[in-house]
Amino acid sequence: TADMDDISTQLQKLGLSQPPVFPGVQLFPQYNPVDVYRGYIIEQINRITSVEPSIINNAVAWTQDLKHGDLVLPVPALRLKGKKPDELAVEIANQFDCPIIEKPVADKTFVRFFFKPAPLAHLALRYALSQKTAYGFNPSLGLHDPSNPESGKKKLIVEYSSPNIAKEFHTGHLRSTIIGGFMVKLYSAAGWDTVSMNYLGDWGKQYGMLSQGFEKYGSEAELERDPIKHLNEVYVKINQDNAAEQKEAKRLAEKKDELEKLKNPPKPKKPAKGEAPPPEPKWTDEQERELQDVTAQLEKVQEDLVQKPSIDEKARRFFKRMSDGDQEALKYWQKFRDLSIEAYTHMYARLNIAFDDYSGESTVKQEDMDRAAEVLEKRGISEDSKGAVIVDLSKHGAPKLGKTLVRKKDGTSLYLTRDIAANYERYEKYHFDKMIYIVASQQDVHMAQFFKILELMGPPYSDVIAKCENISFGMVKDPHGQTMSTRKGTVVSLADSLDAAHEAMHEVMKKNADKYEQVQDPEATADTLAISAIMVQDYSGKMINNYNFDMDRMTSFEGDTGPYLQYSHARVCSMERKAAVPRHELENADYSLITAKEGIELVRALAQWPDVFLNTYKTREPVTVLTYLFKMTHLLSSCYDAKDTSNKNAKTMSVMYAESPEKKAALMALYDAARQVLANGMRLLGLKPVERM
Ligand code: ARG
């Protein structure tokens, strides 16, 4: 590739030939400057110790902190018998010879490698400046054979977000959306062919409920205006009615029970000798009247329930009709679904996300559920239980997963049944190499049951589920670490929290009137900042951990927040506008003029970015990227303040006060490379880097 020619030219200037490659060792010098170094290190250590290249490659690791080296070799990992590791470390350090690496440091059983600053700057900055938005990413990883570009991309389905149409789009769905969006970006950057799939909760008895509710409380106009909100309101109201109905029946039954106990009290125990017998319980005429009254009321309620079915029963029947394809029953449902998807699409666009496939529980075909049910029965996995069908997983080697219903008495399906059938349907549609489900940890049991059942079903089902993975994530709590609940009024809807964060960011922007005037579309920028705030907060810990949704903290510019990342990016952009160094000068600058230790540290950090990407591809934790970006931006900001040791007043890394045009170009190239890496990292996380704020 052209890139590789360029790199070879750079190396030739440094007196080196092509970066070494070894059969069976996956190095990507075309994407990763550190892999150029790995090549030379492997070559040298192989020469000194005769250990196989692949073993050396696995042994060489990167460091947590640059003060421990750019790369490190723990000598025992070479698995050489007969030699003391600390002696071998000294031997390797002494015999090592590579013009772009300092003489290695033997430190007990470690050999530490420090890359020489000037050649590193020449290499790493070139990668960043020439590969631009592609720098750091490695599109070979997703190929069927990473060493053969002709081998074709592997296909990945990520199922995420998956809200329920009637219910609120809550923070759990938001997390699934954010994490899923990240997975898609990560795998695409690694060269996979990805499909974003939304599996809507758009089927089940609750749609019988919702349709009834809409008849009673719905408004076509409201539905058109804000379908998500309106359907949720309707759903809440009809559920309240349902609860009230059931509560009344329960109250009467309890009252009757109580009165009957009073009427026929349990026989008193025989009094002990010498003790007075307990007084006869009194049963008044008035109580008798009350009992008759309550009994009559209860009978009426029960009779009503038979003649006029409860809301719950009606919902069940309604859903049965929907399942049977009754057009009349389906008419609302289709409309609810279409309008909701339209509204979701808008909201996802704000988050930088677009779905390729809106599937849903409703799209799972009856025949596929029937087919799965047949397999379950034939293979003795399911059993009959009072007319319903269950699977008792404790009988199939999974005692913790217990019993679970797969078919109701009336023949209708369940959430679980639909997941089972959908899994294979998706394979038939996409022939994926991998599928990831991003689902909240509250559903771990459900997911484990559904995976286990498909595994028990045998091929082809078990082959497909073997390609699948469930990535689960923790809960979002309120700022005090308490569980959010609708009852407590602490559940924040996505729309509300986006709006609140938007307001907060807009207020901050307005404080600097001069800058504010320069921002082209302040509303859009405030929105981008708000979304960055929310996303970065979400990414700040491991996915499986819970976190507290804290508006004040996430919208702050202090500390490791989304607004801080955006600020760092906008600051470099502003510097670039002022300095106005032409692009070709950046690309051809003499990077050896970057001599301040802060600048060298930043170069070293920028060289690490492709390795950070690679590591993120392994951990699949957005926090891996985020931690690096914050570390890098801190190094960047220490460059702005760097002072010359000989002249305490001069800012040695200031572009505006650079002592020569050459120095200015070199510094600006470094800052531009940093901006590029920051932007690439932010985009990988799904953030839109802003140029002004
Ligand atoms: N709609 C579900 C909910 O909101 C999440 C769906 C998760 N995905 C799945 N295949 N079960 O709870």
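These numbers were taken from a predicted model, which means no experiment stands behind them. (Residues numbered from 1 in each chain as written. Predicted model: local features only at pLDDT ≥ 70, side-chain atom pairs only at ≥ 80, totals over all residues.)

A separate point is the overall build of the protein. A count of helices and strands for the protein gives 25 helices and 14 strands. On C-alpha atoms alone, the protein measures out to a radius of gyration of 33 Å, which is more than a quarter above the 26 Å that the 2.2 N^0.38 rule sets for 693 residues. Principal-axis analysis of the C-alpha atoms gives the protein an extent of 110 × 70 × 65 Å. Here the analysis covers contacts within the protein between residues at least 6 apart in sequence; of these, 71% occur between residues at least 24 apart. (Helix = DSSP H or I, 4+ residues; strand = E, 2+ residues; numbered from the N terminus. Rg over C-alpha atoms; globule rule 2.2 N^0.38 Å. Contact = placed C-beta atoms within 7 Å.)

Cis geometry marks the peptide bond from proline 459 to proline 460; its omega dihedral reads 0°. Tracing the chain through its elements places proline 460 in the loop between α15 (444–456) and α16 (461–465). Even without being glycine, asparagine 352 reaches a positive phi, approximately 75°. Mapped onto the elements, asparagine 352 comes out in the loop between α12 (327–350) and β7 (357–360). A positive phi angle, near 45°, is found at alanine 580, a position not held by glycine. Judged by C-beta crowding, with 7 C-beta atoms within 10 Å, alanine 580 ranks as exposed. (Buried ≥ 20, exposed ≤ 12 C-beta atoms within 10 Å, placed from the backbone.)

Using the residue numbers shown here, the UniProt feature "domain: Arginyl tRNA synthetase N-terminal" (unreviewed entry) corresponds to residues 35–115. With 41% helix and 16% strand, residues 35–115 has end C-alpha atoms that lie 12 Å from one another. (UniProt positions renumbered as here; feature names shortened; annotations may be inferred.)

Pairing in this open sheet of five strands is parallel, and the strands run β7-β6-β5-β11-β12 from one edge to the other. Looking at strand neighbours, the two that pair on one side only are β7 and β12 (468–473), the edges of this open sheet. Averaged over neighbouring strand pairs, the angle between their axes works out to 25° when direction is ignored. Alignment of strand β5 (residues 155–159) against strand β6 (residues 193–200), held across five bridges, turns out to be parallel. (Pairing = 2+ DSSP bridges. Axes fitted to C-alpha atoms, helices over the stretch in contact; angles between N-to-C directions.)

All right, on to the packing of helix α19 (residues 522–539) against helix α21 (residues 562–579) then. Put simply, α19 and α21 touch, their axes get as near as 7 Å, and they point 125° apart. Judged on the interaxial angle alone, α21 and α19 are oblique. Note on element contacts: α21 touches α19 through Gly562, Pro563, Leu565 and Gln566, opposite Leu529, Ser532, Ala533, Met535 and Val536. The residue inventory of the contact of α19 with α21, partitioned by class, reads six nonpolar, three polar and no charged. (Parallel < 35°, antiparallel > 145°, perpendicular 65-115°, else oblique. Nonpolar A, V, L, I, M, F, W, Y, C, P; charged D, E, K, R; others polar.)

So, on to the nonpolar core. Ala124, Leu125, Val603, Leu606, Ala669, Leu670 and Ala674 are the most contacted members of the largest nonpolar core, which totals 166 residues. Ranked by residue count, the leading element in this core is helix α25 (residues 661–684), at 14 residues. Contacts of leucine 125, omitting those with residues within four sequence positions, involve Tyr591, Val603, Ala669, Leu670 and Ala673. (Core = buried A, V, L, I, M, F, W, Y, C linked by C-beta atoms within 7 Å.)

Before going further, it helps to examine the sheet that holds strand β4 (residues 110–113). Strand order in this open sheet of four strands is β1-β2-β4-β3, and the pairing throughout is antiparallel. One side of each edge strand has no neighbouring strand; the edge strands of this open sheet are β1 (61–62) and β3 (105–107).

The next subject is the site of the ligand. Around the ligand sit Glu159, Ser162, Pro163, Asn164, Tyr199, Gly201, Asp419, Tyr437 and Val439, and that is every residue in its neighbourhood. Grouping the amino acids of the shell around the ligand by side-chain chemistry returns four nonpolar, three polar and two charged. (Near = placed C-beta within 6 Å.)

Our next topic: the domain arrangement of the protein. As far as domains go, the protein holds domain 1 (2–115), domain 2 (155–203 + 326–473), domain 3 (220–264 + 282–310) and domain 4 (494–684). Here domain 2 and domain 3 have C-alpha centroids that lie 36 Å from each other. Facing nine residues of domain 2, the contacting portion of domain 3 comprises seven residues. Grouping the amino acids of the side of domain 2 that touches domain 3 by side-chain chemistry returns six nonpolar, one polar and two charged. (Domains from an automatic or database assignment.)

On to helix α6 (residues 171–189). Its 19 residues give α6 an end-to-end C-alpha distance of 27 Å, which sits within 8% of 27 Å, the value for a rise of 1.5 Å per residue. Among the 19 residues of α6, 17 are classified as buried, and the element is accordingly described as predominantly covered. Looking one or two residues past α6, glycine 191 carries a phi angle of roughly 90°, positive in sign. (Expected span 1.5 Å × (residues − 1).)

Going residue by residue along strand β2 (residues 71–74), you find Leu71 and Leu73 tucked away on one face and Val72 and Pro74 left uncovered on the opposite face. In this structure, β1 lies alongside β2, joined through two bridges in antiparallel fashion. If you follow alanine 61 over to β2, its bridge partner there is valine 72. The sheet contact formed by β2 and β4 spans four bridges and is antiparallel.

Below, the discussion takes up the confidence of the model for the protein. Of all residues in the protein, 97% have pLDDT values of 70 or greater, and the mean over the chain is 91. Predicted as a complex, the structure gets a pTM of 0.90 and an ipTM equal to 0.99. (pLDDT = per-residue confidence, 0-100.)

Where helix α5 (residues 117–131) contacts helix α23 (residues 597–619), the axes come no closer than 9 Å and their chain directions differ by 50°. By the angle class used here, α5 and α23 are oblique. Handedness of the α5/α23 crossing: left-handed. Counted together, Pro117, Leu120, Ala121, Ala124, Leu125 and Ala128 of α5 and Ile600, Val603, Arg604, Leu606 and Ala607 of α23 form the full contact between these two elements. Its residues placed into classes, the contact of α5 with α23 shows 10 nonpolar, no polar and one charged. (Left-handed = near helix turned anticlockwise from the far one by under 90°.)

Following the sequence through the fold, phenylalanine 319 ends up in helix α11 (residues 311–323). Judged by the 24 C-beta atoms lying within 10 Å of it, phenylalanine 319 falls in the buried class. When the C-alpha positions of phenylalanine 319 and leucine 635 are compared, they lie 59 Å apart, and in sequence the two are 316 residues distant. Beyond its immediate stretch of four places on either side in the chain, phenylalanine 319 contacts Gly204, Lys205, Tyr207, Gly208 and Thr412.

Here β3 pairs with β4 via three bridges, running antiparallel. If you follow alanine 106 over to β4, its bridge partner there is valine 111. Between β3 and β4, which pair antiparallel one after the other, the connecting turn spans two residues, and lysine 108 there sits at a positive phi close to 55°.

Turning our attention to helix α14 (residues 415–430). For α14, with 16 residues, the first-to-last C-alpha span of 22 Å sits near the 22 Å given by 1.5 Å per residue. All of the buried residues in α14 are Thr417, Arg418, Asp419, Ile420, Ala421, Ala422, Asn423 and Arg426. Positive phi appears at histidine 431, one or two residues downstream of α14, with a value of about 50°.

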